[in-house]
Amino acid sequence: MSKNLVGNHIRKLRFNHDEMTQQQLADKAGVTRQTIVALEKGNYSPSLELAFRIALVFKLSLEEVFFYGDTVNLNDQVNDN
Amino acid sequence: MTYQEKKSIVSLFSAIFIFISFCLYMYPQLPEGASNTPETLRYWGFFVISLTVVSIIAHIVISIVFNILFNITTKEKVPTFEDELDKLIDLKANRISFIVFILGFIIAMGTLVLNQGLQLMFIILIISGFTSDVIGSISKLYYYRRGV
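Below, the structure is looked at part by part. (Residues numbered from 1 in each chain as written. Chains lettered and ligands numbered in written order. Predicted model: local features only at pLDDT ≥ 70, side-chain atom pairs only at ≥ 80, totals over all residues. Heavy atoms only, no water.)

Description of the nonpolar core
One finds A:Ile10, A:Leu25, A:Leu39, A:Ile54, A:Phe58 and A:Val65 to be the most contacted residues of the largest nonpolar core, which totals 24 residues. Take this core: its biggest share by element is 5 residues, from helix α4 (residues 48-57) of chain A. Setting aside chain neighbours within four positions, we find A:Ile10 in contact with A:Leu25, A:Leu39, A:Glu40, A:Ile54, A:Phe58, A:Val65 and A:Phe66. With 15 residues, the next largest nonpolar core counts B:Tyr43, B:Phe122, B:Ile126 and B:Phe130 among its residues. (Core = buried A, V, L, I, M, F, W, Y, C linked by side-chain atoms within 4.5 Å. Buried < 20%, exposed > 50% of the residue type's maximum accessible area, 1.4 Å probe, protein only. Helix = DSSP H or I, 4+ residues; strand = E, 2+ residues; numbered from the N terminus. Contact = heavy atoms within 4.5 Å.)

Written out as structure tokens, the structure is:
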């Protein structure tokens, strides 16, 4: 199984939004609870469309909900180039 | 455990149960004597067609019963649609299932090339169909639990 490089803050954000349940988030994002479980465990990288839908539920930008791998190291690599 | 994971487990065990029950029901009806007689061929043809029909009906019934029991026991909402993760897992599991069946099909054709008789060919074909179904369910469960 390839390592999933897309991380997220969904679990933390749910609790900050009146302890929203996985099912409530799933209903608002138009997916099943299984997908939210997989996302929180880091077992699945969502499509761009789903990522935007989840960010919209929390009224945040995409970068505030999702991050790519070790973002600090990635930024260093970009700066080196 | 989520609905999809439980459903994969139910699907796996129901496939095994249906296949074993059907084989136990059909085995006493196997014609005795030579394996290439028209009667034996008719038997295997009937076996394949009726196993397909029985499997489809049994899977539908078990799925309905499972949904009702899931709803009663967990009070959780049963998903009425497939989202992108379900579709992706379905595709991956179906691909594995298809590869297993094709391998079985090739082996079954190989028995004909080696003059092993039609009966063995049918048995391998039926077993490969069953194995592909089981491996498909196991793959789904694996992908739901470990991710894609």
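Let us keep going from here.
Digging into the interface of chain A and chain B
Contact residues are listed per partner, giving 16 residues for chain A and 20 residues for chain B. In total, chain A and chain B occlude about 1500 Å² of area from one another, counting both sides; carbon and sulfur atoms represent 49% of this. Contributions of two or more residues to the side of chain A that touches chain B are made by α2 (22-29) and α3 (33-41) of chain A. For the side of chain A that touches chain B, the leading source of residues is α3(A), giving 5 residues. Tallied by class, the residues present in the side of chain A that touches chain B amount to 7 nonpolar, 7 polar and 2 charged. (Buried area = accessible area lost by both parts, 1.4 Å probe. Nonpolar A, V, L, I, M, F, W, Y, C, P; charged D, E, K, R; others polar.)

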